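# Structural characterization, general
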Amino acid sequence: AFVHSCIRCSCIWPVSFGMPRTSSSISEGRFPIWLVFLPFALVGIVNVARAPSHAPVVSRQQLALQRSRQKPPDSGWAAVETSRSSAALSSEEATRIALEKGSQRVRAAAAAVSSPVRGVVTAEALDAVLPKGAVVWLTFSNAAYLHFAQNFYLSCAAVGRAHQLAIAALDPPSLSSWAGLGVPVLNFSVFGDASDFRGIGADQARFRRMGAMKVAAFLSLLRRGRPVLCSDVDTVWLADPEPFLRSRAAAADIAVTSDCLSREADANKRGDSRRFDPKGVWFCGHNPQNLYGVTFNTGHPPTRLVSRTASHSPSPLLTTATHYSGVLFLNPNPRTLTLAERWHAKLVAPTDDWHLEDQRAFNILVTEAFYPVVAAPPAAETGEIVLAANRSLWLMPLPAGLFCGGHTFFVQQSGERRGCLNVHITFTEGGVHGKLWRLREAGLWGLEPEQYYDEGRYLSFRPPPVPAGPLPAARVEPYDECVARVARGEAPPAGAVGWWSPPGSESRCVKEVRQYDDKEGLHGVTIQEGIAQSPRLQAHLRMADRYLVALRDGMAAAWLLNRTFVFPQFACLCDRSEWPDVMPTCRLENSDLEFPFRCPLNFLLNVHFMQGIENGLQGRRGLPYREHSFLTHPWLSRRLRESRTEVRFRSDAPSAAAPGLVELPRGATDAEVLAALGPGTVAAGSAVIMLSEAEDVLGGFEDAATGAYVRSLLDQKVLYGSWCCSRTNFHRPGATAFYTKPAELPLGVRATAVREARSWRLPLKGEF
């Protein structure tokens, strides 16, 4: 249950330095470096989302009003230094900057709200000043998540609902902060914990006590006849949900988000889709007549309380539904009040259940006699509202295509809005850092310093494309069909074998291995079995290896030229999950994921370990970085949008240079890169250098000491990663495929020899 619960959590994935992807480092007598981070993985799991809608939570015009002066364009080498603290993202200094800017922007947004109540308020005071029937928007925050709460507030302001929003402060520092910003804040600071206490390793009794306070806050408003819209602090509002809530959720007692990964399955209320089992769909089993599979999201790491057989038995005896409220809408009526009071009582009662917290308590209550799912009277035709809590509650699962979970938004939609009203940062690895990076990738983080989108000099590249032609199939060719085909001497079917396949695959037949429990009780298949029977995973690993080579050269060029590196967005061919249901099709559960897909960076790199590369090593400068959406962000200054140089690599000398284009020899050394793009060149004045490609374009470092340093920096922070998981418990060897570390570039005289061996090379200073 613990392992399966983590598929929605922000877990720290295992990493390796140079480990082969199909063998155990322990069996080879080498210590797996990922074990060093195991304690952090066990205590750092935080329920958590990704790529750009490019829709900031504050407009550029609003941001401009807060600036005291417009900073002049910067073309100097020192410009890169301004981005270091913000690039660190979750460092203490970066958090301080985010809170400083967030406070400025929240204060300005709060001042623009016409409200007779500010600062510390009570439920009675809120009720007295809001129009009759107005919804109270509510979230909870402590000091550790104050910057998330500020970003949340700005998103509410952007959709025009800040005047209805109250923050429930869980500790004195956050209470003082919100009161000072002029935002209505409910005083629950008696809870008192300002730390990041969320996660599997947390004190669950303390967590449960916080949950009881949350439900008490609901009750204080519901008892006054106020509808409540509660959202987790790690959500972002993209559009106003109230028109939807008034038109379609008004008849429900409670409406709640789900972890359903398929918008199509979620909409299959009549059970007439041929794609899905009418008995239920895992994560989406909340439709009428379903017998299993529901998961609603209340915003904390879920624990699935089910036994799953190899055939996914739909027997109600084997399944317990789990519900969560990343977004929770409560209508004030007797049925809702009864459920909320039972919820609160369950949380304050003594218990020996260590796992019990507000989310699980809610799940236990609403899933009493839940199956088979029955439509509630107001939605007998549509099936949008169902009976819950022993048939005593009218519950609406909020549509997965409107109230979007992290997998839907960041993975399936590549961060594009596509109708999402709200985004919850779930299905995200890396704790707080992973959450922040996903928000940045999606252009949904509104606490950057003013110069973030105005200053600096940058370098990026276009990533290697997925080769044209048939894409890898979801499964290997059936064994018997393959044997017969090989005997006839025929070619394999499209998608069975291709550029991704190991040599000899045309005549090699593979039996698909059903998932099984090994002698240690781990479920799934070994990573060797997983790779052999998954064409998509083979292709994903092949592309990941190519991407790392491109990152080796692209990031080295950025360091040489003292530019901030902008990550490109890569195309992936396999989803990732701690639960082995992702095998062999590479599609998690019943998601709507299409291949290839533009994936979050953490599908390739351990972004939570990358922090610190901007600071460098051994007293030498580092390499600041930006998210892939940076260069197309709406807040980007005109200089950064327009001042650009394209760089192409070629084997033969060009006949003439075009404006805005620099051509370099393929296999250029550091000396040639500096000669063409470094100080004193026309390109040096460009705000952005874009490499048309970066895979194996550099020939080495003639400055051996510099080359060794850059390689060490990239090795420690970037050039490793892994795919996970083919079986449960990713902490054990045999469930994870490690990407191949790129070869080292030639150094010193070896690099010089590479340059001198070419027929076309750039003249260097002192050469004629």
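Residues numbered from 1 in each chain as written. Predicted model: local features only at pLDDT ≥ 70, side-chain atom pairs only at ≥ 80, totals over all residues. Heavy atoms only, no water.

Grouped together as the largest cluster of nonpolar side chains are 133 residues, with contacts concentrated most on Tyr153, Trp178, Leu551, Phe567, Leu677 and Trp723. Residue contributions to this core peak at 15 residues, all from helix α18 (residues 535-560). The residues contacting Phe567, other than those within four sequence positions of it, are Trp437, Ser460, Leu551, Met555, Leu601, Leu605, Met610, Tyr625, Arg626, Glu627 and His628. Counting 50 residues, the second-largest nonpolar core is a separate cluster that includes Val228, Leu347, Phe362 and Val386. (Core = buried A, V, L, I, M, F, W, Y, C linked by side-chain atoms within 4.5 Å. Buried < 20%, exposed > 50% of the residue type's maximum accessible area, 1.4 Å probe, protein only. Helix = DSSP H or I, 4+ residues; strand = E, 2+ residues; numbered from the N terminus. Contact = heavy atoms within 4.5 Å.)

Here we take up the environment of Arg621. Relative to the helices and strands, Arg621 resides in the loop between α19 (607-610) and β24 (625-626). Each C-alpha atom, one on Arg621 and one on Val710, is 9.9 Å from the other, the two residues being 89 residues apart in sequence. Polar side-chain contacts of Arg621 include one of 3.4 Å to the side chain of Asn562. (Polar contact = N/O pair within 3.5 Å; in protein donor to acceptor, adjacent residues only side chain to side chain.)

This part covers the pattern of salt bridges. Taken as a whole and judged by the stated rule, the model has 41 salt bridges. For Asp353, the salt bridge identified is with Arg360, shortest N-O distance 2.4 Å. Asp353 gets classed as partly exposed once you look at its relative accessible area, which sits at 25%. Given a relative accessible area of 16%, Arg360 falls into the buried group. Measuring nitrogen to oxygen at the nearest pair gives 3.3 Å for the salt bridge that ties Arg650 to Asp652. Residue Arg650 is classed as partly exposed on the basis of its relative accessible area, which comes to 25%. (Salt bridge = Lys/Arg side-chain N within 4 Å of Asp/Glu carboxyl O.)

With that settled, consider the confidence of the model for the protein. Chain-level statistics for the protein give a pLDDT mean of 85 and a share of 83% at 70 or above. Taken as a whole, residues 1-86 scores under 50 in pLDDT and shows 282 contacts with residues more than four places along the chain or in a different chain. This stretch, residues 300-324, has a pLDDT under 50; its non-local contacts, to residues over four places away or in other chains, come to 90 contacts. (pLDDT = per-residue confidence, 0-100.)

All right, on to the packing of aromatic side chains then. The geometry of an aromatic ring pair is captured by two quantities: the separation of the ring centres and the angle between the planes. Going through the model one piece at a time under the given rule, you end up with 28 aromatic pairs. Arranged with centres 5.6 Å apart and planes meeting at 15 degrees, the rings of Tyr453 and Phe630 form a pair that is stacked. Here Phe630 lies in the loop between β24 and α20 (638-642) and Tyr453 lies in the loop between α15 (431-441) and β18 (458-461), a separation of 177 residues in the sequence. Accessibility classification places Tyr453 together with Phe630 in one group, the buried group. Aromatic rings pair up to connect Trp437, Phe461, Tyr547, Phe565, Phe567, Phe570 and Tyr625 into one cluster. Sitting above the plane of the Tyr709 ring, Arg620 keeps its charged end 4.7 Å from the centroid. The positively charged end of Arg626 is found above the aromatic ring belonging to Tyr452, 3.8 Å away from the centroid. (Phe/Tyr/Trp six-rings, centres within 6.5 Å; stacked < 30°, edge-to-face > 60°. Lys NZ or Arg CZ within 6 Å of the ring centre and 35° of its normal.)

Whether parallel or antiparallel, the strands of a sheet pair through hydrogen bonds between backbone atoms. Taken in spatial order, the nine strands line up as β3-β6-β5-β4-β7-β13-β9-β15-β14 in an open sheet, and their pairing is mixed. Among the strands making up the open sheet, the edge pair consists of β3 (120-121) and β14 (386-388). Inspection of the sheet shows strand β4 (residues 136-141) paired to strand β5 (residues 165-169) by five bridges, in the parallel sense. Among the inter-strand pairings, Ser141 is bridged to a residue of β5, identified as Ala169. (Pairing = 2+ DSSP bridges.)

Turning our eyes to something else, we now look at the pairing of strand β26 (residues 661-665). Across the five residues that make up β26, a large majority, five, are buried. Here β26 shows a buried face lined by Leu661, Glu663 and Pro665 and a second buried face lined by Val662 and Leu664. In the sheet, strand β25 (residues 644-650) pairs with β26 via five bridges, with the strands oriented parallel. Paired with Arg650 across the two strands is Pro665, which belongs to β26.

Per the counting criterion, the structure on display carries six disulfides. The partner cysteine of Cys572 in its disulfide is Cys599, sulfur to sulfur 2.0 Å. Between Cys572 and Cys599, the disulfide has an S-S torsion of 50 degrees and is therefore right-handed. Residue Cys572 is found in strand β22 (residues 571-572), and its partner Cys599 is found in the loop between β23 (597-598) and α19; the two are separated by 27 residues along the sequence. Each member of the pair, Cys572 as well as Cys599, is classed as buried. Cysteine pairing in the protein follows 1-2, 3-4, 5-6, 7-10, 8-9, 11-12, where each cysteine in a disulfide is numbered by its order in the sequence. (Disulfide = S-S within 2.5 Å.)

For the rest of this paragraph, the subject is helix α8 (residues 172-180). Every buried residue of α8 is listed here: Ser174, Leu175 and Trp178. Taken down its axis, α8 places every buried residue within 105 degrees of arc, on the same side. Summarising the geometry of α8, the exposed residues directed more than 90 degrees from the buried face are Ser176 and Gly180. Where α8 is buried, its residues contact α5 (92-111), β3, β4, α7 (146-158), β5 and β6 (185-187). With its phi angle positive at about 80 degrees, Gly182 sits one or two positions after the end of α8. (Arc of directions from axis to C-beta.)

What follows concerns the sheet that holds strand β16 (residues 403-404). Taken together, three strands build an open sheet; the order of strands is β8-β17-β16 and the sheet is mixed. Every other strand in the sheet has two partners, leaving β8 (235-237) and β16 as the edge strands with one partner each.

What follows concerns the side chain of Glu702. Topologically, Glu702 is positioned in the loop between β29 (698-700) and α22 (704-717). Within the structure, Glu702 has its side chain in polar contact with the side chain of Thr752 (distance 2.8 Å). When near neighbours in sequence (up to four residues on either side) are disregarded, Glu702 contacts Thr669, Asp670, Ala671, Gly748, Ala751, Thr752, Arg755 and Leu764.

Let us look at the pairing of β5. Along β5, five of the five residues are buried, which leaves the element largely enclosed by surrounding structure. The two faces of β5 match: Leu165, Ile167 and Ala169 on one face and Ala166 and Ala168 on the other face are all buried. On the question of chirality, the crossover connecting β4 to the parallel β5 by way of α7 is right-handed. Pairing analysis gives three bridges linking β5 to β6, with the strands arranged parallel. What sits directly across from Ile167, in β6, is Val185. Where the polypeptide runs from β5 across α8 and back to β6, its parallel neighbour, the crossover connection is right-handed. (Right-handed = clockwise from strand over helix to strand, strands pointing away.)

Those residues of helix α21 (residues 670-677) that sit buried are Asp670, Glu672, Val673, Ala676 and Leu677. One side of α21 holds all its buried residues, which, seen down the axis, span an arc of 160 degrees.

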